[in-house]
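# Coordinate analysis (summary)
Single-letter residue listing:
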Amino acid sequence: MKQLAIIGASGHGKVIADIALLSGYDEVIFLDDNPEVKTVGEYNVLGNRQMAAELAKMSCDFIVGIGNAAIREKIQNEIISKGCNVVTLVHPNAVVAFDSKLGIGTVVMAGAVINSGSVIGQGCIINTGASIDHDNVIGDFCHISVGAHTAGTVSMGTRSWLGIGAVVSNNLDVCSDCMIGAGAVVVSDLTAPGTYVGVPAQSK
Ligand SMILES: CC(C)(COP(=O)(O)OP(=O)(O)OC[C@H]1O[C@@H](n2cnc3c(N)ncnc32)[C@H](O)[C@@H]1OP(=O)(O)O)[C@@H](O)C(=O)NCCC(=O)NCCS
């Protein structure tokens, strides 16, 4: 039986569970460090993330379903160091170019498009209906939110977050640890970590 453990019992985790069941997993297990979280949707929470090593011995695969990039990064690295097999998941109704690359722990949600030559790092979230156009380089643990878009030849550093409906114009570089607010339009390089909002996006 093919099992996937999702660390992080949340709405985001439920979306990942759905993708897992559509991708050949027979069972989804949730782990969460908050002892008060007993269920998520139709699922029971089995225990906290200390159970990961034990589940790994039973050939369970893993993914970290936590929106916060720094926490996602910490937990993904921790469970890999304990021998857990972290996988990449792509919704069957996403479109991913054959010559693009996706790192481990990355999830691509329904309706997302990743175009030719783009490289997506580890632990990224390419959320529902988002698009990454050709030849992007998206760093580890980035989140491209629901309905957000990057044009061709964009680069993003580690842990940056493009908010819902935001866009990055072509040939631009966004450095690490940027939060680009909902609906923002990035039209110039973002060279300092921080929060950017508005049209055109400016430091908040
Ligand atoms: C940018 C963001 C992180 C700021 O959050 P925050 O620091 O809590 O900011 P606040 O809500 O306190 O707002 C502070 C000010 O910024 C403005 N602001 C906040 N977000 C903004 C946005 N996206 N665009 C324009 N202005 C924005 C507020 O109107 C407010 O203005 P005021 O001081 O004139 O009243 C947040 O608003 C945001 O856009 N988050 C994106 C969430 C998202 O994309 N989720 C998708 C998950 S798939």
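Residues numbered from 1 in each chain as written. Predicted model: local features only at pLDDT ≥ 70, side-chain atom pairs only at ≥ 80, totals over all residues. Heavy atoms only, no water.

## Some thoughts on the environment of Q122
Its place among the elements puts Q122 in the loop between β12 (119-120) and β13 (125-126). As for Q122 and A56, which are separated by 66 residues in sequence, their C-alpha atoms are 19 Å apart. Among residues more than four places away in sequence, those in contact with Q122 are Q76, G103, I104, T106, D140 and F141. (Helix = DSSP H or I, 4+ residues; strand = E, 2+ residues; numbered from the N terminus. Contact = heavy atoms within 4.5 Å.)

## Some remarks on the domain arrangement of the chain
Per the domain assignment, the segments of the chain are domain 1 (3-87) and domain 2 (90-194). The centre of domain 1, based on its C-alpha atoms, is set 23 Å off from the matching centre of domain 2. Every contact between the two is made by 18 residues of domain 1 and, on the other side, 17 residues of domain 2. Between domain 1 and domain 2, roughly 1300 Å² of surface is buried when both sides are summed, and carbon and sulfur atoms account for 64% of that area. When the area that domain 1 buries against domain 2 is broken down by residue, the three leading residues are I19, R72 and E73, summing to 36%. Summed over the shared surface of domain 1 and domain 2, the result is one salt bridge. (Domains from an automatic or database assignment. Buried area = accessible area lost by both parts, 1.4 Å probe. Salt bridge = Lys/Arg side-chain N within 4 Å of Asp/Glu carboxyl O.)

## Re the site of the ligand
In the vicinity of the ligand, 13 residues are found, and the nearest of them are G163, I164, G181, A182 and K204. Backbone polar atom of A182 to an oxygen atom of the ligand: 2.8 Å apart, as the coordinates give it. The contact in question runs from an oxygen atom of the ligand to an N or O atom on the side chain of K204, over 3.5 Å. Burial of the ligand by the protein chains amounts to 40% of its free accessible area of 910 Å². Residues that form the shell around the ligand fall into these classes: six nonpolar, six polar and one charged. (Near = heavy atom within 4 Å. Polar contact = N/O pair within 3.5 Å; in protein donor to acceptor, adjacent residues only side chain to side chain. Areas by Shrake-Rupley, 256 points an atom, 1.4 Å probe, with all protein chains shown as cover. Nonpolar A, V, L, I, M, F, W, Y, C, P; charged D, E, K, R; others polar.)

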